[in-house]
Structure formats: structure tokens, C-alpha cells
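This is what each chain is made of:
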Amino acid sequence: MKFRRTENRAYMAFTIIVVVLLSVISLVLSLYSESLRGKSELHQQQYKIQAALLAALLAQTPETSSTLLRDFLQANHIVAQAALLSANGETIASASTTTKLIDFATLQLNTDDRSTMKEIAGASPTVAYEVKLQTRQQFHIAELPIKKEARQLVLAFPVESDSPSLTYYIFSYQVVALIIGLLFIYFLIRWLMRPYRRLVEAAQDSPVRASAAQSESEFVVETFQALIQQLQSKEAELAHLHELARRRAEKSERFSERLVANIPSGLVAVNSKGHINAANRYALQLFNFPGATASLENSQDFAEPNHPSNYEAYFLAAPALIDMISQCLKTGIAFKREEVEIAQADAPARRLGLSVSPIFDSQHQVEGALCMMTDITEVTELRERIKLQETLANLGEMAAGLAHEFKNSLATIQGYVQLFDFQSDAATPTVQKRQTLDSMLKEVELLARLVTDFLNFARPQSLNFSYVNLRALLEDCVLELQPLLEKHEVALALTGDFITLACDESLLRRVFLNLIRNAIEAIDADAPVKQIEILGSTDKGTGKPYAHIRVFDTGSGISKEDLQNIFIPFFTTKSRGYGIGLAIVQKIIVAHGGSVAVERSDASGTVFHCRLPVAPYPLSVKK
């Protein structure tokens, strides 16, 4: 392009100028050196003439002294150190008009060969004008023999300083300043042209193609006009896309609001200060608040006369829910699948199924809680009816089992009565009669215990909560069953973490007595290892905590067919038992809000797993 060619020509002209300037500088330097050399030769001629003049004066003077020699030097303005030597080199007289002195005794002077001295026309025949000049010890030494009396004149002129003159310094500074100025101009031009050069380079990457007749300015202008048109078209396209995204966001927001407002579950959001930030229509209806607001932006909008802004006032009819939200805000604990009752004065009691989850910020700090709730009153009633039906069915099965057990026991008692009647004569020993009576009494006691267990299982359980240490409770159970353990030669170990929790101590004692007794009886007499281990642990998560108790035994295990029936009343695999113990264990654990199951059962043994909540709701605990 034109700019590129112009730029190349400018650089070439700049280079030529620099070369010419450097050539001129070299020529001037050489001329200056030549002038210095001529000046030096002129000084040497001046030294010779001054030496010849002084020799001529001394030749005309019959007596020469140091004072006379100094007067001659000063009178003729000769700045030098002078000495008049005899033929044998002794100093006749010496004088000096300079402070810089030299010892002539240390010099090798030419005093022997005077036969070639010539006389200059018109000069005295007693003076030789051939002056020998040499430089020694920073002095120009001029030697001139005087024919009369074979004397020799020696002059020592101090060498002038070799430092450059002021002109040389000025010239050097001008040269350096010129070079620096040229460099500055060069880089300034490059710096000033760099933005334009970058524009040209950027324009060359554009889809616009430059013609040979175009200058760089025209090409840049055309390129940026094309880019502006493209940007305008892209801007219009982006504006259209932004409008589409805005409409889509508004549509999505409206849909989310309608979704939250019409979701068939109550949703309440509480911030870290306890204020309700949002509540949908269903949540308002659950607590009989008027209005059907889908979502509220802040607690001030929510704080209407009939809409409390604080969660404690909002959930006043459900104290258990207030406790859950309070713990969630303080500790970040999540509550899942909980059930609470709503007791309102102007409405029938209802039961809610709910979950309370913490809301965390980016630093994992609790900034609120989200409560999801559903009215499960009808589900609870249906569940109670189903439970009643199951209870009636179980009672029917239990009645059949109870009748079967009574029939067996009555038949046994009848046999003992007939035997006792046969033994009523005087010939039968009293010991045999006593044994028969004891056997009948045992059967009667078995029937009484059967009836008692049946009544305990059939009647509703009322729990009397108190704080109980699980380890102490289990140690008491082991101590009570110690004779049975020793009889069957079974070792028992308590390991793990056993905490203190709220429970009914007497009922929970019955649970572990049954489980340990079953574990002892499950171990065969000829088993190689006879051991029971009770392992305790506690949940460490952020949810509702549970205590876990596992009972391990080394028995032969339970078959897969029997595992499904072990908690059914009057189902037993024992030769002597009526199968109500595990049913009572399950009922007591479930009444505490926990669960019991067989975790593993194989040839190596069986593991019963009991799961108890650490703090069930609602709870009335004796201190």
C-alpha cells in the first residue's frame, strides 16, 4: 500500500541522513586531528627557534651565570628550564621559568659529535644552529652545542597536557547530542505511528480486501465502516435475543410463581432472623389465614394484621413445628417426614406431614429454613383404620394361637389330673404326687404368663418417658440374664457408643431382655463359638439423630422363609414357646418412634438392629 511504501522511503531517507552525518563527523574529526598535528609541529619549530636564540645570546656573552640565564629566559618569554653544560657534562649555569623541573643528570645528552655542525649564513661562526629535539619524561628536550669553549645549551620545555581542548569537548558533545536526537526522533516516529500501524494490521485481518490504489487511511476507514455495520447488525440481533430472554425469564418467573402458589403442599420460607419471607396459598389455608398470596418478597409485606411475620406467631398452633424450625436455624439440622398436630380453637384438630430443611449461603452458614407441609389428616385416619383392621386381624390370629396354646395346656393339665387321680390311693408315694402337682402348676403359670403377654401386646402402650443411659440399662439386663449365660456358656460383650436418650425404661428393658434371651437360645450347645456382642452407635449427620443398637449372635441363623414371619404373634420355631416375644419387641420400639429389623442372618449368626430416635416429637420427659 501507499503508506507502507512511504514508510519504507522515509526509513531509507532517514538512514541516508544518518550515514551522511556520520561521514561529515568523521571528516571533521580527521581535519581536527590534522590541525592538532600541525600545531604540534609548529610548537616544535618554536622550541628550536627559542633554543637557537638563547644559544646566540649566550655565545655573545663572555661570562654566563644562572642569574643572567634566567634574565635571558624572562626577557625572551621562554617558558622552560635551561642549563649550560661544559664539555665534560658539568653544569655551568641553570635557570628555570617554569615550576615543572627535570634532573638533567639523568638524561643522555648528545655532547660528543660536533664536527658536523654547520654555520648558517649571516650568523656568528661561534654558534651552531642545528638543534636536536627529543621528548623525555614529559619534557621536550632541545640540545644545542655552542662551538665557543665547547659548551652545550639544554632546554627542557614542559609537555602540554594531552587533555582535549574546549573545542574538542564542545564538538564531542554536539556529536553525541546529534546522535541522541536522531534516535529520539526515530523512536518518536515509530511510537507515533504504532497506533496507526496496529489499525492497519487489524484492518488487514478483516474480510475487506484492499486495492492497490487505496491508501492505508482509506483502507482503515473502509474496514472500520464495515465493522461498524457488522456491529450494528449484531447489536440488533443481541437486542432481539435479549428481548426473547427477558420474555422467557418473565414467563418462567410467572410460571414459578403459579407453581409455588398452586402446589398442593404448604411452603413457608423463614430467614435467619425468624421472619417469614414467603408463604404460598396452601400454607395460608392450612393455618386458616385469609388471602391466597403466592409469594411475598419480604417480611414487611407479609406483616399484615392477619399474617404474622414471625414464625413463632405463625405456627402458634403447632408448638412441635416451632421447635423444629428453631433447631434448624440454630444448628442446621434437617427434619424429614415428621408429623405434627395443629390444634386451633375455631377448627378441628388436623395432622400435618412435613419436612424442615436448612438454607445455606456460599460460606455454608445457615441463612434460613424451608418448611414443606401437607395435610395428612385423612391419610392418618385411613392409616388408623387400616391399622385397626390389621390389629383385628392380628387379634384373630392371636386368638387362634391363644386358643391353640390353651387347648394344648388344658390337654396337658387334663393328663396330669388323670394321673393325679390315678395316684390318689395310699400306695402312691408322696413325692410322685408332688411332682404331678408341680407340673400342673407350671402349666397353669404358663397359661397365666401367656394371658399376661397377650394383654400387654393387645392393649395400647402408654409411654412414660425419662432420660435413660443405654449402657447402664444393658448392663442391668446382662446382670439379670447372667445365670442363663453361664448355663449355656455364652460370652457377652458391650462395645461402641451408648448415649443417654428419652425412653420408657421398663418397656425398653423388656425389649433387650427378649433380644438377648433369644440370642442365647439361638446358639446351639455344640457351636464352636458361643458369643454375643451388643454394639452401640449414633448418627453423626445433620439430620434427625438416631441411636443404633445391634445384637450379634453366633447361632445358626434364621431361614429366609421364617424371616418374614418372626414378628407375627404366636409364630415360633422353638419346641417350647408361643412366639409373642419379638412381636412385643417390635411394638415397643415402634411406639418409641423407632424400628427393629433383622440386618443379617446366615450360617455365621444373626444381627438384630434396633433404631431409636434421640429426641422424639412430641415429648414429655421426666427430669
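Residues numbered from 1 in each chain as written. Predicted model: local features only at pLDDT ≥ 70, side-chain atom pairs only at ≥ 80, totals over all residues. Heavy atoms only, no water.

### Structural notes on helix α15 (residues 581-591)
Here comes step 1: Where α15 is concerned, the buried positions are L582, A583, I584, V585, I588 and I589.
Here comes step 2: Downstream of α15 by a residue or two, G593 has a phi angle that is positive, lying close to 85°. (Buried < 20%, exposed > 50% of the residue type's maximum accessible area, 1.4 Å probe, protein only. Helix = DSSP H or I, 4+ residues; strand = E, 2+ residues; numbered from the N terminus.)

### Some remarks on the sheet that holds strand β12 (residues 491-496)
Here comes step 1: If you walk across this open sheet you meet the five strands as β12-β14-β15-β17-β16, and the pairing is mixed. Among the strands making up the open sheet, the edge pair consists of β12 and β16 (595-602). For this sheet, the mean angle separating the axes of adjacent strands, direction not counted, is 15°.
Here comes step 2: This element, α15, spans β16 and β17 (605-613) of the sheet and lies at about 135° to β16. (Pairing = 2+ DSSP bridges. Axes fitted to C-alpha atoms, helices over the stretch in contact; angles between N-to-C directions. Contact = heavy atoms within 4.5 Å.)

### Describing the environment of E367
Here comes step 1: The residue E367 is located in strand β10 (residues 366-375) in this model.
Here comes step 2: Assessed through its relative accessible area of 39%, E367 is described here as partly exposed.
Here comes step 3: As for E367 and K330, which are separated by 37 residues in sequence, their C-alpha atoms are 9.9 Å apart.
Here comes step 4: In contact with E367, other than residues within four places in its own chain, are V270, N271, S272, I359, F360 and D361.

### Details of the nonpolar core
Here comes step 1: Judged by nonpolar contacts, the single largest core of 41 residues is most densely connected at L508, F512 and L515.
Here comes step 2: Elements that contribute at least two residues to this core include exactly α11 (470-480), β13 (500-503), α13 (505-522), β14 (531-538), β15 (546-553), α15 and β17.
Here comes step 3: Ignoring sequence-local partners within four residues, the contact set of F512 consists of L473, L474, C477 and I549. (Core = buried A, V, L, I, M, F, W, Y, C linked by side-chain atoms within 4.5 Å.)

### Comments concerning the packing of α11 against α13
Here comes step 1: Interaxial distance between α11 and α13 falls to 10 Å at its minimum, and their mutual angle equals 50°. Here α13 runs oblique to α11, going by the angle between their axes. Crossing handedness for the pair α11 and α13: right-handed. Taking contact as the criterion, the partners of L470, L473, L474, D476, C477, V478 and E480 in α11 are, on α13, E505, L508, R509, F512, L513 and I516.
Here comes step 2: Along the lines of polarity and charge, the residues of the contact of α11 with α13 split into nine nonpolar, no polar and four charged. (Parallel < 35°, antiparallel > 145°, perpendicular 65-115°, else oblique. Left-handed = near helix turned anticlockwise from the far one by under 90°. Nonpolar A, V, L, I, M, F, W, Y, C, P; charged D, E, K, R; others polar.)

### Thoughts on the packing of aromatic side chains
Each aromatic ring pair is specified by the distance between its two centres and by the angle formed by the two planes.
Here comes step 1: Counting across every chain of the model gives two aromatic pairs.
Here comes step 2: Their ring planes at 10° and their centres at 4.3 Å tell us that Y47 and F157 sit as a pair that is stacked. With a gap of 110 residues between them, Y47 in helix α1 (residues 2-59) and F157 in strand β5 (residues 151-158) connect regions that are remote in the sequence. Residues Y47 and F157 agree in their burial class; the two are buried.
Here comes step 3: Seen from their ring centres, Y314 and F315 are 4.9 Å apart, and the 80° between their planes marks the pair as edge-to-face.
Here comes step 4: By relative accessible area, which is 1% here, Y314 ends up buried.
Here comes step 5: Lying across the ring of F139, K100 places its NZ or CZ 5.3 Å from the centre.
Here comes step 6: Across from the ring centre of Y546, 3.6 Å away, lies the NZ or CZ of R611, which sits over that ring. (Phe/Tyr/Trp six-rings, centres within 6.5 Å; stacked < 30°, edge-to-face > 60°. Lys NZ or Arg CZ within 6 Å of the ring centre and 35° of its normal.)

### Quick notes on the pattern of salt bridges
Here comes step 1: One pass over the structure, following the stated rule, counts 11 salt bridges.
Here comes step 2: Of the charged contacts in the structure, one is a salt bridge between E34 and R37, with a shortest N-O distance of 1.8 Å. Separated by three residues within a single helix, E34 and R37 lie in helix α1, roughly one turn from each other.
Here comes step 3: The exposure class of E34 is partly exposed, given its relative accessible area of 45%.
Here comes step 4: Using a relative accessible area of 44% as the deciding quantity, one classes R37 as partly exposed.
Here comes step 5: Of the charged contacts, one joins R246 and E250 as a salt bridge, the two residues approaching to 2.6 Å between their closest N and O atoms. (Salt bridge = Lys/Arg side-chain N within 4 Å of Asp/Glu carboxyl O.)

### A word on the packing of α13 against α15
Here comes step 1: As a packed pair, α13 and α15 sit with axes 9 Å apart at the nearest point and diverge in direction by 140°. Comparing the axis directions of α13 and α15 gives the class oblique. Seen from above, α13 lies across α15 with left-handed handedness. Contacts from L507, L508, R510, V511, N514, L515 and N518 of α13 reach α15 at G581, L582, I584, V585, I588 and I589.
Here comes step 2: Here the residues of the contact of α13 with α15 sort into nine nonpolar, three polar and one charged.

### Some remarks on the sheet that holds β10
Here comes step 1: Spatially, the five strands line up as an open sheet ordered β7-β6-β10-β9-β8, and their pairing is antiparallel. If you trace the sheet from one side to the other, it starts and ends with β7 (276-279) and β8 (335-342), each paired once. With direction set aside, neighbouring strand axes in the sheet form an average angle of 25°.
Here comes step 2: Contacting β6 (266-271), β8, β9 (350-360) and β10, helix α8 (residues 319-331) runs over the sheet at an angle of about 10° to β9.

### Focus on unusual backbone geometry
Here comes step 1: Positive phi outside glycine occurs at H77, with the angle close to 55°.
Here comes step 2: With respect to the helices, strands and loops of the structure, H77 is situated in the loop between α2 (66-75) and β1 (81-85).
Here comes step 3: Look at H364: it is not a glycine, yet its phi comes out positive at around 60°.
Here comes step 4: Note on placement: H364 falls in the loop between β9 and β10.
Here comes step 5: By relative accessible area, which is 57% here, H364 ends up exposed.

### Points about the side chain of N514
Here comes step 1: Within the secondary structure, N514 is located in helix α13.
Here comes step 2: The residues touching N514, leaving out its near neighbours within four places in the chain, are G581 and V585.

### Structural notes on the confidence of the model for the chain
Here comes step 1: Here the chain averages 77 in pLDDT, while 75% of its residues score no lower than 70.
Here comes step 2: In the predicted structure, residues 111-128 sits below a pLDDT of 50 and forms 27 contacts with residues beyond four places in sequence or in another chain.
Here comes step 3: Predicted confidence for residues 617-623 stays below pLDDT 50, and this span has 17 contacts to residues more than four positions away or in other chains. (pLDDT = per-residue confidence, 0-100.)

### Describing the pairing of strand β4 (residues 139-146)
Here comes step 1: Where burial is concerned, most of β4 is hidden: eight out of the eight residues are buried.
Here comes step 2: The alternating pattern of β4 places F139, I141, E143 and P145 on one face and H140, A142, L144 and I146 on the opposite face, and all of these are buried.
Here comes step 3: As paired strands, strand β3 (residues 132-136) and β4 are joined by five bridges and run antiparallel to one another. Bridging across to β4, L133 finds its partner in A142.
Here comes step 4: Counting the residues that bridge the hairpin from β3 to β4 gives two residues, and of these Q137 lies at a positive phi of roughly 50°.
Here comes step 5: When β4 meets β5, the two strands line up antiparallel, connected through eight bridges. Paired with F139 across the bridge in β5 is P158.

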